[in-house]
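Reading the structure
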Amino acid sequence: MSLTVVGVPGNRRVTLFQDAVRAAGLPAARVVAWRDVLDGEARFGARETVRIESPGEDPEVGRLLRGTDDGTRVEGSGRWYERFTAAVGELGRTAAAAGADLLDDPEELAVLFDKRLCHGVLDRAGVPVPASPTSGGRAAVNGWDDVRALMAGAGLRRVFVKLAHGSSASGVLAVETAGPGRIQATTSVERDAGGHLFNSLRVRRYTTETEIAAIVDALAPDGLHVERWLPKATQQGRSADLRVVVVAGRATHAVVRTSRSPMTNLHLGGARGDLAAARAATEAAGGRWADALAVCEQAADCFPGTHCVGVDLLPATGWRGFAVGEVNAFGDLLPGLTGLPGSGAEGLDTYGAQLAALTHRRPGQHRRAGHDRVHA
């Protein structure tokens, strides 16, 4: 029986995954190129682990999916999503015909890569999430005027405007208003003189509505998600959140991310924080750390056909409660981090934990909600 792992971007991630496969005593995972997936040439054999490259590992494939020759451009995520989900759907049919066990359900991937749909699924399941007028895709956003109207209708002064199919903070704007004519947006989007948008490593602020409207109007054709910007807890004066990896329904790894900007992504100046301090602050505020991890498991339970997810957990001010910002299909790159105490993944990195969990998984078996909770 083949175990087929849908791939994720980055050669470093490939190396870490291969190392974990060898440490588990398995033959090195065969890698299937995304070009073969797009061309319908992906093949699977018996008793092997197959890792599917991500489009991001081949710049030419990424450009083909996005319809652009410039990999730094922000635009094109809507086209990328349409072509990616079509290819993954076909991959799922090919894998099933070969008797392979695909570890990322194509239909769930389509939801996880659409922030509007994902938010709606989480909200209906009772997972605490930021309020959103676009949850479940119930409100179309055709430009800045729609964002303004949705903010006014929901009574929101601070929101995140996100590309529905974006990743790594691409196209994200943290927008805040303070009365008539007072507005600013924090983002890594750079706009050139021709109105084209580019991903930048420098976080910047736009302070006029004209500038902000131009960016949002340019992003809107790719699909936008709007949600309340929740005030977050801090560590040493920096805004903090957590990435929690959930494997086979159990929260196994966690890292605190801190930043001076609203985006905590490491490539935008974020840094790892102190997990022990986060746990202590949670318990000092009257909460239980196990309950914070249980929120992540509850979110993962919404996607029982996906073996591993990375949950962005948002701690409220003073560490008094938690909400889920996003659930990432490929959010498991946490180098040098071993499993949480009591998680069953002690001493294992995220890839080792995923492989270890497979030893208890029957071929074709999807995880069911209601598993034993982690008590760390």
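Overview of the structure. Here the structure is a predicted model, which is why all the values come from computation and not from measurement.

What follows concerns helix α8 (residues 209–219). Every buried residue of α8 is accounted for by Ile 212, Ala 213, Ile 215, Val 216 and Leu 219. Axial view of α8: buried residues confined to an arc of 165 degrees, hence all on one face.

Once that is clear, we can look at the packing of helix α7 (residues 144–154) against α8. At their nearest, the axes of α7 and α8 sit 8 Å apart, and the two run at 105 degrees to each other. Compared by their axis directions, α7 and α8 come out roughly perpendicular. On α8, the residues that touch Trp 144, Val 147 and Arg 148 of α7 are Glu 209, Ile 212, Ala 213, Val 216 and Asp 217. Grouping the amino acids of the contact of α7 with α8 by side-chain chemistry returns 5 nonpolar, no polar and 3 charged.

Grouped burial of nonpolar side chains is what soluble globular proteins tend to show. In terms of nonpolar packing, the biggest core is built from 54 residues, with Trp 34, Leu 122, Val 244, Leu 313, Val 324 and Val 327 touching the most fellow members. Apart from residues lying up to four places away in sequence, Trp 34 is in contact with Ile 52, Glu 53, Ser 54, Pro 55, Val 61, Leu 65, Phe 84, Ala 87 and Val 88. Judged by nonpolar contacts, the second largest core, of 26 residues, contains Val 74, Val 141, Val 175 and Tyr 206.

What follows covers the side chain of Ser 135. Within the secondary structure, Ser 135 is located in the loop between α6 (115–124) and α7. When its relative accessible area of 5% is taken as the criterion, Ser 135 is described as buried. The contact partners of Ser 135, leaving out residues within four places of it in the chain, are Arg 116, His 119, Gly 120, Asp 123 and His 225.

Here we take up unusual backbone geometry. At Ala 169, a position not held by glycine, the phi torsion is positive, near 65 degrees. One can find Ala 169 in the loop between β5 (158–163) and β6 (173–177). At Ala 248, a position not held by glycine, the phi torsion is positive, near 50 degrees. Within the fold, Ala 248 resides in the loop between β11 (238–247) and β12 (250–259). Residue classification places Ala 248 among the partly exposed positions, given a relative accessible area of 27%.

For the structure on display, the rule yields 16 salt bridges. Taking the shortest distance from any N to any O, the salt bridge between Glu 75 and Arg 73 comes out at 2.9 Å. Taking relative accessible area as the criterion, Glu 75 reaches 16% and is therefore assigned buried. Residues Asp 114 and Arg 116 are paired through a salt bridge, measuring 3.0 Å at the closest nitrogen-oxygen approach.

Pairing analysis gives 6 bridges linking strand β7 (residues 183–191) to strand β8 (residues 197–206), with the strands arranged antiparallel. Bridge assignment links Thr 187 to a residue of β8, and that residue is Arg 204. Between β7 and β8, which pair antiparallel in sequence order, lie 5 residues; one of them, Gly 195, sits at a positive phi of approximately 85 degrees.

A few words now on the packing of aromatic side chains. Within this structure, the stated rule accounts for 7 aromatic pairs. Measuring from ring centre to ring centre gives 5.6 Å for Trp 80 and Phe 113, while their planes differ by 50 degrees; the resulting arrangement is tilted. Here Phe 113 lies in the loop between α5 (106–112) and α6 and Trp 80 lies in helix α4 (residues 77–97), a separation of 33 residues in the sequence. Note on Trp 80: relative accessible area 15%, which makes it buried. Feature note: the residues Trp 34, Trp 80, Phe 84, Phe 113 and Phe 330 constitute an aromatic cluster, connected by ring pairs. Its guanidinium or amino end placed over the ring of Phe 160, Lys 162 lies 5.7 Å from that ring's centre, counting from NZ or CZ.

Cut-offs applied
Residues numbered from 1 in each chain as written. Predicted model: local features only at pLDDT ≥ 70, side-chain atom pairs only at ≥ 80, totals over all residues. Heavy atoms only, no water. Buried < 20%, exposed > 50% of the residue type's maximum accessible area, 1.4 Å probe, protein only. Helix = DSSP H or I, 4+ residues; strand = E, 2+ residues; numbered from the N terminus. Arc of directions from axis to C-beta. Axes fitted to C-alpha atoms, helices over the stretch in contact; angles between N-to-C directions. Parallel < 35°, antiparallel > 145°, perpendicular 65-115°, else oblique. Contact = heavy atoms within 4.5 Å. Nonpolar A, V, L, I, M, F, W, Y, C, P; charged D, E, K, R; others polar. Core = buried A, V, L, I, M, F, W, Y, C linked by side-chain atoms within 4.5 Å. Salt bridge = Lys/Arg side-chain N within 4 Å of Asp/Glu carboxyl O. Pairing = 2+ DSSP bridges. Phe/Tyr/Trp six-rings, centres within 6.5 Å; stacked < 30°, edge-to-face > 60°. Lys NZ or Arg CZ within 6 Å of the ring centre and 35° of its normal.

So far we have only geometry, and geometry alone does not tell us how the molecule works.
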